[in-house]
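Observations on chain architecture
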Amino acid sequence: MSLDHPPASVDEVAQLLASQQYIAERHLSTTLYLAMAMSRPLFLEGEAGVGKTEVAKALAAGLNRQLVRLQCYEGLDIANAVYEWNYPRQMIEIRLAEAAGEASKDRLEADIFTDRFLIKRPLLQALEGTGRGPPVLLIDELDRADEPFEAYLLEVLAEYQVTIPELGTIRAERPPLVIITSNRTREIHDAVKRRCFYHWVDYPDKERELEIVRCRVPQAADTLSREVVAFIARLRKMELYKVPGVAETLDWAASLAVLEKTALDPEAVQATLGVVLKYEDDIARMPAGKIAQLIDDVRTDVAGMR
């Protein structure tokens, strides 16, 4: 499958993601299908670790397209996101031209502000595409970038183009498939969201998370997988600084499998809490007695899942 022949239905989108071991719920598959069919950016918002970035990775692999990733951070600017001029090479070119007797400033300027002196960053790379066709452009964790960068994105998202003063407007012949993610550490401006289709990526229910674990960690025993999923579900109901996401569920199931565990036991849970909980205060809320009680509750939950 390719972007020349994108998925023809919501079911095909779900199948494409499943082929890359991404188990998507129906609403996500529907929104993603519409975004591809109508050439609209897709804005994915949700807690960290619920699988937003993995959507873009699965799409790129399933569609056999290049993944161009722009990782956002505070202070991100045009030079790092879009383009910058190769000033050292331009200076060398100027010195060589002067040595050769070139006196026309207009001609010299035309010579140095050309494509061969342009350093292309992710946004420009995505608009120009590759021989493999329009790529999947992942603008990851936009909430980490500053608001002025959001404003710059508006032209890219609405017109699939960027303007370089020395060269003019560069427009994509075939729009990339744009996936924007946000962990909602701050609100993204409405102007960005208006240009996108929107989907909130929530924690999966236990049945779907179990399916994800079975798909991504097949080496884990079935009882262990069920108990890990049920234990994580209980943790998410607790007052924690940071509840575990799907990424932590997968890491924990894989870690316990490496330890050759076929079911949860208090000692193993205590020893591997750092795989699941990433803050000391949260780990401190899990004394031995609490862990033992949770395991008993989990086994009751698992009996109801069968």
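Look up a bit, the structure's there.
Report follows, based on the coordinates. Residue positions are counted from 1 within each chain, in the order its sequence is given. Per-residue local features are limited, in this predicted model, to residues with pLDDT of at least 70; the limit for side-chain atom pairs, both in listing and counting, is 80 or more; totals at the level of whole chains, interfaces and linings are taken over all residues. Only hydrogens and water are removed before side-chain values are computed, so all heavy atoms of the structure are retained for them.

If you tally the helices and strands in the chain, you get 16 helices and nine strands. For 306 residues, the compact-globule estimate of 2.2 N^0.38 gives 19 Å, and the chain exceeds it by more than 25% at 24 Å. Expressed along its principal axes, the backbone C-alpha trace of the chain runs to roughly 85 × 45 × 35 Å. Contacts are residue-level and defined by heavy atoms, with any inter-residue pair within 4.5 Å sufficient. If you take every contact in the chain between residues at least 6 apart in sequence, the share linking residues at least 24 apart comes to 74%. Per-residue and other accessible areas were derived by the Shrake-Rupley procedure at a 1.4 Å probe size, with only the shown protein chains allowed to occlude residues. As displayed, the chain has an accessible area near 15,100 Å², and 49% of this comes from carbon and sulfur atoms. Only four residue types enter the charge count, namely Lys and Arg as positive and Asp and Glu as negative; His and the chain termini do not. In plain terms, the charge of a residue is placed at NZ if it is Lys, CZ if Arg, CG if Asp and CD if Glu. In the chain, 37 side chains carry a positive charge and 49 a negative one; their mean positions are 2 Å apart. Where helices and strands are cited, they refer to DSSP runs of H or I of at least four residues and of E of at least two residues respectively, numbered from the N terminus. Radius of gyration: C-alpha atoms only; globule rule: 2.2 Å multiplied by the number of residues to the exponent 0.38.

Where charged atoms from two side chains of opposite charge come close, those side chains can pair. Within this document, salt bridges are pairs made up of a side-chain nitrogen of Lys or Arg and a carboxyl oxygen of Asp or Glu, the two lying within 4 Å of each other. Inspection of every chain in the model, using the stated rule, returns 21 salt bridges. The residue Arg184 makes a salt bridge to Glu187 at a minimum N-O spacing of 3.1 Å. According to the relative accessible area criterion, Glu187 is partly exposed, its value standing at 47%. Put simply, Arg226 and Asp222 hold a salt bridge, and the shortest N to O gap is 2.9 Å. Categorising residues by exposure relies on relative accessible area from a 1.4 Å probe, with only protein chains included: less than 20% of the type maximum marks a residue as buried, more than 50% marks it as exposed, and the intermediate range marks it as partly exposed.

Okay, the sheet that holds strand β5 (residues 136–140) next. In spatial order, the strands read β2-β5-β8-β1-β9; together these five strands make up an open sheet with parallel pairing. Edge strands, defined here as strands with exactly one partner in the open sheet, are β2 (67–71) and β9 (197–200). Averaged over all adjacent pairs, the angle separating strand axes in this sheet is 20°, with direction ignored. Bridge count for strand β1 (residues 42–45) against β9 is four bridges, and the pairing is parallel. Following the sheet pairing, Leu44 is matched in β9 by His199. Relative to the sheet, helix α3 (residues 52–63) contacts β1, β2, β5 and β8 (177–182), its axis offset from that of β8 by approximately 160°. Strand pairing is assigned whenever DSSP identifies at least 2 bridges connecting the two strands. Fitting a line to C-alpha atoms yields each axis, with helices limited to the stretch in contact; the angle taken between N-to-C directions then spans 0 to 180 degrees.

The subject of this paragraph is the side chain of Thr181. Along the polypeptide, Thr181 turns up in strand β8. For Thr181, a relative accessible area of 0% translates into the label buried. Setting aside residues no more than four positions away along its own chain, Thr181 makes contact with Leu44, Lys52, Thr53, Leu138, Ile139, Asp140, Glu141, Leu142 and Asp143.

Moving on, we come to unusual backbone geometry. Residue Glu141 is not a glycine yet carries a positive backbone phi of 60°. Relative to the assigned elements, Glu141 resides in the loop between β5 and α8 (147–159). According to the relative accessible area criterion, Glu141 is buried, its value standing at 18%.

This part is about helix α5 (residues 87–99). In this analysis, the expected span of each helix is defined as 1.5 Å times one less than the number of residues it contains. The end-to-end C-alpha separation of α5 is 18 Å, in line with the 18 Å expected for 13 residues at 1.5 Å each. Taken residue by residue, α5 has Gln90, Ile94 and Ala97 as its buried positions. Mapping the buried residues of α5 onto a view down its axis gives an arc of 65°, with all of them on the same face. Residues of α5 that are exposed and point more than 90 degrees away from the buried face comprise Pro88, Ile92, Leu96 and Ala99. This arc is built from the directions going out from the helix axis to the C-beta atoms.

Now for the packing of helix α2 (residues 26–37) against α3. Where α2 contacts α3, the axes come no closer than 13 Å and their chain directions differ by 60°. When the interaxial angle is binned, α2 and α3 end up oblique. Here the hand of the crossing between α2 and α3 comes out right-handed. In contact with Leu28, Leu32 and Met36 of α2, α3 contributes Val55, Leu59 and Leu63. For this classification, Asp, Glu, Lys and Arg are treated as charged, while Ala, Val, Leu, Ile, Met, Phe, Trp, Tyr, Cys and Pro are nonpolar and the rest, including Gly, are polar. Looking at the contact of α2 with α3, its residues break down into six nonpolar, no polar and no charged. Relative orientations are named as follows: roughly parallel for angles under 35 degrees, roughly antiparallel for angles over 145 degrees, roughly perpendicular for angles from 65 to 115 degrees, and oblique for any other angle. Crossing handedness: left-handed means the near helix sits turned counterclockwise from the far one by under a right angle, and right-handed means the same turn made clockwise.

Running from N to C, helix α1 (residues 10–19) and α2 cross one another at 105°; their axes reach a closest spacing of 8 Å. Our classification of the angle between α1 and α2 gives roughly perpendicular. Packed against α1, whose contacting residues are Val10, Asp11, Val13, Ala14 and Leu17, the element α2 presents Arg26, Ser29, Thr30, Leu32, Tyr33 and Met36 at the interface. Considered class by class, the residues forming the contact of α1 with α2 number seven nonpolar, two polar and two charged.

Quick look at the pairing of β2 now. Only one face of β2 is covered, namely the one carrying Val68 and Leu70; the face carrying Leu67, Arg69 and Gln71 has none of its residues buried. In terms of strand pairing, β2 meets β5 through five bridges, oriented parallel. Within the sheet, the bridge partner assigned to Gln71 lies in β5 and is Asp140.

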